[in-house]
Each structure stands twice: as structure tokens, then as C-alpha cells.
Amino acid sequence: MEYIVKDDFLDEKYFKWLQDELLDGSVKWDYQDGVAKDSDEPDFYFIHSLYNANTFQPDSKYFNSHFGKLINDLDIRALKRMRLIMYTNCGKQIIHKRHRDLDYDHTAALIYLNTNDGFTELDDGTRIDSIENRLLLFNGNELHSSSTCTDQKRRVLISLNYF
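Rules behind the numbers
Residues numbered from 1 in each chain as written. Predicted model: local features only at pLDDT ≥ 70, side-chain atom pairs only at ≥ 80, totals over all residues. Heavy atoms only, no water. Helix = DSSP H or I, 4+ residues; strand = E, 2+ residues; numbered from the N terminus. Rg over C-alpha atoms; globule rule 2.2 N^0.38 Å. Buried < 20%, exposed > 50% of the residue type's maximum accessible area, 1.4 Å probe, protein only. Pairing = 2+ DSSP bridges. Core = buried A, V, L, I, M, F, W, Y, C linked by side-chain atoms within 4.5 Å. Contact = heavy atoms within 4.5 Å. Phe/Tyr/Trp six-rings, centres within 6.5 Å; stacked < 30°, edge-to-face > 60°.

### Details of the overall build of the protein chain
Okay, so step 1: A tally of helices and strands in the protein chain yields three helices and 11 strands.
Okay, so step 2: Scanning the protein chain from its N terminus toward the C terminus, one meets helices and strands in the order β-α-β-β-β-α-α-β-β-β-β-β-β-β.
Okay, so step 3: Computed over its C-alpha atoms, the radius of gyration of the protein chain comes to 15 Å, within 12% of the 15 Å expected for a compact globule of 163 residues.
Okay, so step 4: Its C-alpha atoms give the protein chain principal-axis dimensions of roughly 35 × 35 × 30 Å.

### A short note on the pairing of strand 11 (residues 154-162)
Moving residue by residue along a regular strand, the side chains alternate between the two faces of the sheet.
Okay, so step 1: Within strand 11, eight of the nine residues are buried, leaving the element largely enclosed by the surrounding structure.
Okay, so step 2: Examined bridge by bridge, strand 5 (residues 79-88) and strand 11 share nine bridges and lie antiparallel to one another. Bridge pairing in strand 11 places Ile 85 opposite Leu 157.
Okay, so step 3: As defined by bridge partners, strand 6 (residues 107-112) adjoins strand 11 across six bridges and the pair is classed as antiparallel. Paired with Tyr 112 across the bridge in strand 11 is Leu 157.

### Concerning the nonpolar core
Okay, so step 1: In terms of nonpolar packing, the biggest core is built from 31 residues, with Phe 67, Leu 70, Leu 74, Leu 79, Met 82, Ile 158 and Leu 160 touching the most fellow members.
Okay, so step 2: Of all the secondary-structure elements, those providing two or more residues to this core are helix 1 (12-22), strand 3 (44-52), helix 2 (61-66), helix 3 (68-73), strand 5, strand 6, strand 9 (135-139) and strand 11.
Okay, so step 3: With residues up to four places along the chain from it excluded, the contact list for Ile 158 reads Leu 18, Phe 67, Leu 70, Met 82, Arg 83, Leu 84, Ala 109, Leu 110, Ile 111 and Leu 113.
Okay, so step 4: Counting residues in each nonpolar core, the second largest holds 13 residues, with Leu 110, Leu 122, Ile 128 and Phe 138 among its members.

### Examining the pairing of strand 7 (residues 119-122)
Okay, so step 1: What you see with strand 7 is no split at all: Phe 119 and Glu 121 on one side and Thr 120 and Leu 122 on the other are buried throughout.
Okay, so step 2: The pairing of strand 7 with strand 8 (residues 127-129) spans three bridges and is antiparallel. Bridge assignment links Thr 120 to a residue of strand 8, and that residue is Ile 128.
Okay, so step 3: Counting the residues in the hairpin turn of strand 7 and strand 8 gives four residues, including Gly 125, whose phi is positive at 95 degrees.
Okay, so step 4: Where strand 7 and strand 10 (residues 144-146) come together, three bridges link them in antiparallel fashion. The residue bridging Leu 122 from the neighbouring strand is His 144, located in strand 10.

### Brief notes about the packing of aromatic side chains
Okay, so step 1: Scanning the entire structure with this criterion turns up seven aromatic pairs.
Okay, so step 2: Pairing Phe 44 with Phe 46 gives two aromatic rings, centres 6.1 Å apart and planes at 90 degrees, and the pair type is edge-to-face.
Okay, so step 3: Ring geometry for Tyr 51 against Phe 63: centres 5.2 Å apart, planes inclined by 25 degrees, an arrangement best described as stacked. Here Tyr 51 is found in strand 3, whereas its partner Phe 63 is found in helix 2, with 12 residues between them in sequence. Like Phe 63, Tyr 51 is buried.
Okay, so step 4: Clustering of aromatic rings is evident, with ring pairs tying together Tyr 31, Phe 44 and Phe 46.

What follows is the structure in C-alpha cells.
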């Protein structure tokens, strides 16, 4: 799989509901120091873990009530990890060091919850802009990087790793 981009991926009504639910300020975020291992950049981000296969159960109250439709739409057979990710506006755009999500071939899916000037950069230099309700699919074992944004308070996305 090279990569696939689908705009307006989720049904508009469902997407707007997710946006309202997840961007309203009630989600509890956990600070993460460093987007990529061994980064020289002063990078950080926030996550809200929804599901981790290591625990065999949802990590968040939002998982069962909010994401069944999304999991069906992506035709997921085995979910490894699902998180909400938030990069805050740092006053300048920071491009994070390249990293792999997991060290084996699998599908990584990103669904951007808000439009901003941030992006995901693939190993070949292709930049996928953060546009709300855009889906990016790629091999999560391939190197890629993320960025912060400068034109919004935050850049928020749903990240899934699965088979």
C-alpha cells in the first residue's frame, strides 16, 4: 500500500457529531514528551487512548459509544491501537522527526478532525494536509512525520493502527 486519501470520508452528520463530542473540551488528554523516539526537537503532544490491544479492552468511555460506525466503515478485522491525538499551536510550525507507528506492516489510518495548516509527511516527502473529515491510509511501518499547526489553537486527529 502506498497511501490512500479520501476526503469527506465519514457521513457528514456522524462526522459533525464526532467533532462536537470530541472537540468540546470534555476529553481528558495525557501529555506525551516526544512524538518520535530520540528526537532532538522540543516536541510534545497529547493523546487520549481509546483502545490498546495489549489490555484487550477499551481505554476510554468514548470507544464503545462513538466509534463502532468508524470501525465498520474501515472494515477493521483486528484493532491494535486507537487514539485521539492533539498537537497544540506552539507559535511556529514544528515538523516532528520521522517515526514508525509499529515495527511491522499494518494499516495506519488518520482522520483529521479539524482543518489547519498542519500535515502528515510520508517518507517520500508527500505532505497530506489536515483537512477535516479527510482520511489518510498508509503502512504504519513506513517512516512518516507529523507537524503542529500555526493557524488554529490545536490540530486534532483520530489515529488507528489495525489489520
